[in-house]
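# A look at the structure
Each chain, written out:
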Amino acid sequence: IPAEPLFRSRSMYEWIEDGYTYFGEFELNKKHGYGTLKWKEGITYEGQFFRNQMNGYAIIKFPENKIYRGQMNNGKMEGFGEFCWGMEKKYFGYYKNDKRNGFGIFLWSIPFIKKSEEFDDLDKNKIKGYIGFWNEGNMNGVGLKIGDGKIKYGIWKNGIKQEKEAENEEKRRK
């Protein structure tokens, strides 16, 4: 007989010494199933758990109007997700180990569209971003950089555009 009863239930637990509260499903005394975890710092995780780990689809709300919606694996952002910094910046793409990794779109200057405006009237010179591949959180591989009304094709390594390689790729494509 175990010292503590093993249970599967829906309960509210509060761990004041650890600075968080959890409300959700348990199995064998572990967070398992759907639940909400809130930290005293103002972060809220709402999503799936598997044997005490954040796994599956989740929504994480951070202070200062930041929000992540996407896949989690062993407590890390992994798989497809969307991260928004208010209305100013957005990333849609793949993550690995909490970092942008694989194909993704990162817009860091997004002009507001008023209800009275049409998308065609939007000042496209104000849109800035990158569409392409990432590795360890850096632009890495083939991509398009958008800014000042221009689209620049390039090859990046660790966030730095590789001028020679981009020129060679351009020549090869012609």
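Residues numbered from 1 in each chain as written. Predicted model: local features only at pLDDT ≥ 70, side-chain atom pairs only at ≥ 80, totals over all residues. Heavy atoms only, no water.

## With respect to the packing of aromatic side chains
What the rule picks out here adds up to 17 aromatic pairs. Between Y22 and F49, the ring centres sit 5.2 Å apart and the planes meet at 85°, which makes this aromatic pair edge-to-face. With Y22 in strand β2 (residues 20–27) and F49 in strand β4 (residues 44–50), the pair connects residues that are 27 residues apart, well separated along the chain. Through pairs of rings, three or more aromatic residues link up here, namely F62, Y68, F83, W85, Y91, Y95, F106, W108, Y130, W134 and W156. The aromatic ring of W85 is capped on one face by K89, whose charged end is 5.8 Å from the ring centroid. Here the basic side chain of R100 rests over the ring of Y91, its NZ or CZ set 5.5 Å away from the ring centre. (Phe/Tyr/Trp six-rings, centres within 6.5 Å; stacked < 30°, edge-to-face > 60°. Helix = DSSP H or I, 4+ residues; strand = E, 2+ residues; numbered from the N terminus. Lys NZ or Arg CZ within 6 Å of the ring centre and 35° of its normal.)

## Considerations on the nonpolar core
Within the largest apolar cluster, 21 residues are counted, with the highest numbers of intra-cluster contacts made by Y45, Y68 and M72. At the level of elements, β2, β4, β5 (53–62), β6 (66–73), β7 (76–85), β8 (89–96) and β10 (128–135) are the ones that each hand at least two residues to this core. What M72 contacts, discounting residues up to four positions off in sequence, is Y45, M54, N55, G56, A58, I60, M77 and E78. (Core = buried A, V, L, I, M, F, W, Y, C linked by side-chain atoms within 4.5 Å. Buried < 20%, exposed > 50% of the residue type's maximum accessible area, 1.4 Å probe, protein only. Contact = heavy atoms within 4.5 Å.)

## Here's the deal with the pattern of salt bridges
Applying the stated rule across the entire model yields 2 salt bridges. E136 is the partner of K99 in a salt bridge, and the nearest nitrogen-oxygen pair spans 3.5 Å. With a gap of 37 residues between them, K99 in strand β9 (residues 99–109) and E136 in the loop between β10 and β11 (138–147) connect regions that are remote in the sequence. Classification of K99 as partly exposed rests on a relative accessible area of 37%. (Salt bridge = Lys/Arg side-chain N within 4 Å of Asp/Glu carboxyl O.)

## Observations concerning the environment of K152
Relative to the elements of secondary structure, K152 occurs in strand β12 (residues 150–157). On the basis of relative accessibility, which here comes to 48%, the residue K152 falls in the partly exposed class. Along the backbone, K152 and Y130 are 22 residues apart, and their C-alpha atoms lie at a distance of 9.4 Å. Not counting the four nearest positions on each side in its chain, K152 is found in contact with G143, L144, K145 and K161.

## A word on the confidence of the model for the protein chain
Summarising the model, the protein chain shows a mean pLDDT of 84, and 76% of its residues fall at 70 or more. Within the protein chain, the lowest mean pLDDT, 60, falls on strand β1 (residues 8–15), and the highest, 98, falls on β6. (pLDDT = per-residue confidence, 0-100.)

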